[in-house]
Amino acid sequence: MYSIDLMVKEHENILKLIDVIRNACCEILDGAEVNVEDFEKMIQFARNYADKHHHGKEEIILFSKMTEHLGELAEKLINHGMLVEHDLGRLHMSELETSLHQYRDNPKTIYKLGIIGGAVGYANLLTRHIDKENNAVFKFAEKNLSSEVLESVDELTKDFERNAQEQGVQDKYLGILEELASKYCSNK
């Protein structure tokens, strides 16, 4: 299924960001200074690619079709599971950004702790979240949604992707990811 395959591939990109985040945090623990600019790029990727672009497709298209067509079980899974975790990821990014601004204005160890806490909280959450989506939520959708609904999800996803491509979303944020990965993941 096009849309599920695409979302799984996007998860691979998000997991690459997770590696970047963890390695950047380890460098801080090993005594490196916080690279504020790089963390700002991580936030930018998380908010615009992982959240708006990827979660946008999940929330607007797939999850809404699941809750519309699969009843109470899907509603609980989506509304009390996946969407709560999406919001928690946004909170971690907000906390990271706040600590990053505090550190930039006053480079104290306590703000480094906030940076690491927000970043690692996000990384740990998304690692578990992606595993649940790939191995449970997406399979549940493919198994239980009708072929007509699945085709609709694919068509809506293709439209979403075309619009994003016209705006250069994928190229921009995957370029940022590659830049960060070359710095934080090349020799790890």
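Figured I'd write up the structure that's included with this text. (Residues numbered from 1 in each chain as written. Predicted model: local features only at pLDDT ≥ 70, side-chain atom pairs only at ≥ 80, totals over all residues. Heavy atoms only, no water.)

### Quick word on the pattern of salt bridges
Then, in step 1: According to the stated counting rule, one finds 15 salt bridges in the structure shown.
Then, in step 2: Between Lys 41 and Glu 37 there is a salt bridge, with the nearest N and O atoms lying 3.4 Å from each other. Here Glu 37 and Lys 41 lie together in helix α2 (residues 36-69), a separation of four residues that amounts to about one turn.
Then, in step 3: For Lys 41, a relative accessible area of 17% corresponds to the buried category.
Then, in step 4: Of the charged contacts in the structure, one is a salt bridge between Lys 183 and Asp 38, with a shortest N-O distance of 2.7 Å. (Salt bridge = Lys/Arg side-chain N within 4 Å of Asp/Glu carboxyl O. Helix = DSSP H or I, 4+ residues; strand = E, 2+ residues; numbered from the N terminus. Buried < 20%, exposed > 50% of the residue type's maximum accessible area, 1.4 Å probe, protein only.)

### Some details on the packing of aromatic side chains
Then, in step 1: Counted under the stated rule, the structure contains one aromatic pair.
Then, in step 2: Lys 158 extends its terminal NZ or CZ atom over the ring of Tyr 2, reaching a point 5.5 Å from the ring centre. (Phe/Tyr/Trp six-rings, centres within 6.5 Å; stacked < 30°, edge-to-face > 60°. Lys NZ or Arg CZ within 6 Å of the ring centre and 35° of its normal.)

### Some details on helix α4 (residues 109-144)
Then, in step 1: With 36 residues, α4 extends 50 Å from end C-alpha to end C-alpha; this agrees with the ideal 52 Å at 1.5 Å per step.
Then, in step 2: At Glu 133, α4 shows its maximal bend, which comes to roughly 45°. (Expected span 1.5 Å × (residues − 1). Bend = angle between axes of the 7 residues up to and from the residue.)

### Notes on helix α5 (residues 147-166)
Then, in step 1: In a regular helix each residue adds 1.5 Å, so 20 residues correspond to 28 Å; α5 covers 29 Å between its end C-alpha atoms and thus fits that length.
Then, in step 2: Summarising the contacts, the buried residues of α5 are in contact with α1 (2-29), α2, α4 and α6 (169-184).
Then, in step 3: Backbone geometry just downstream of α5 places Gly 168 in the positive-phi region, at approximately 75°. (Contact = heavy atoms within 4.5 Å.)

### Structural notes on the packing of α2 against α6
Then, in step 1: At a minimum axis separation of 10 Å, α2 and α6 run at an interaxial angle of 140°. Judged by the inter-axis angle, α2 sits oblique to α6. At the point where α2 passes α6, the crossing takes the left-handed sense. Within the contact between the two elements, α2 uses Asp 38, Lys 41, Met 42, Gln 44, Phe 45, Asn 48, Tyr 49 and His 53 and α6 uses Val 169, Gln 170, Lys 172, Tyr 173, Leu 174, Ile 176, Leu 177, Glu 179, Leu 180, Lys 183 and Tyr 184.
Then, in step 2: Considering only residue class, the contact of α2 with α6 consists of ten nonpolar, four polar and five charged. (Axes fitted to C-alpha atoms, helices over the stretch in contact; angles between N-to-C directions. Parallel < 35°, antiparallel > 145°, perpendicular 65-115°, else oblique. Left-handed = near helix turned anticlockwise from the far one by under 90°. Nonpolar A, V, L, I, M, F, W, Y, C, P; charged D, E, K, R; others polar.)

Nothing here speaks to function; it is all geometry.
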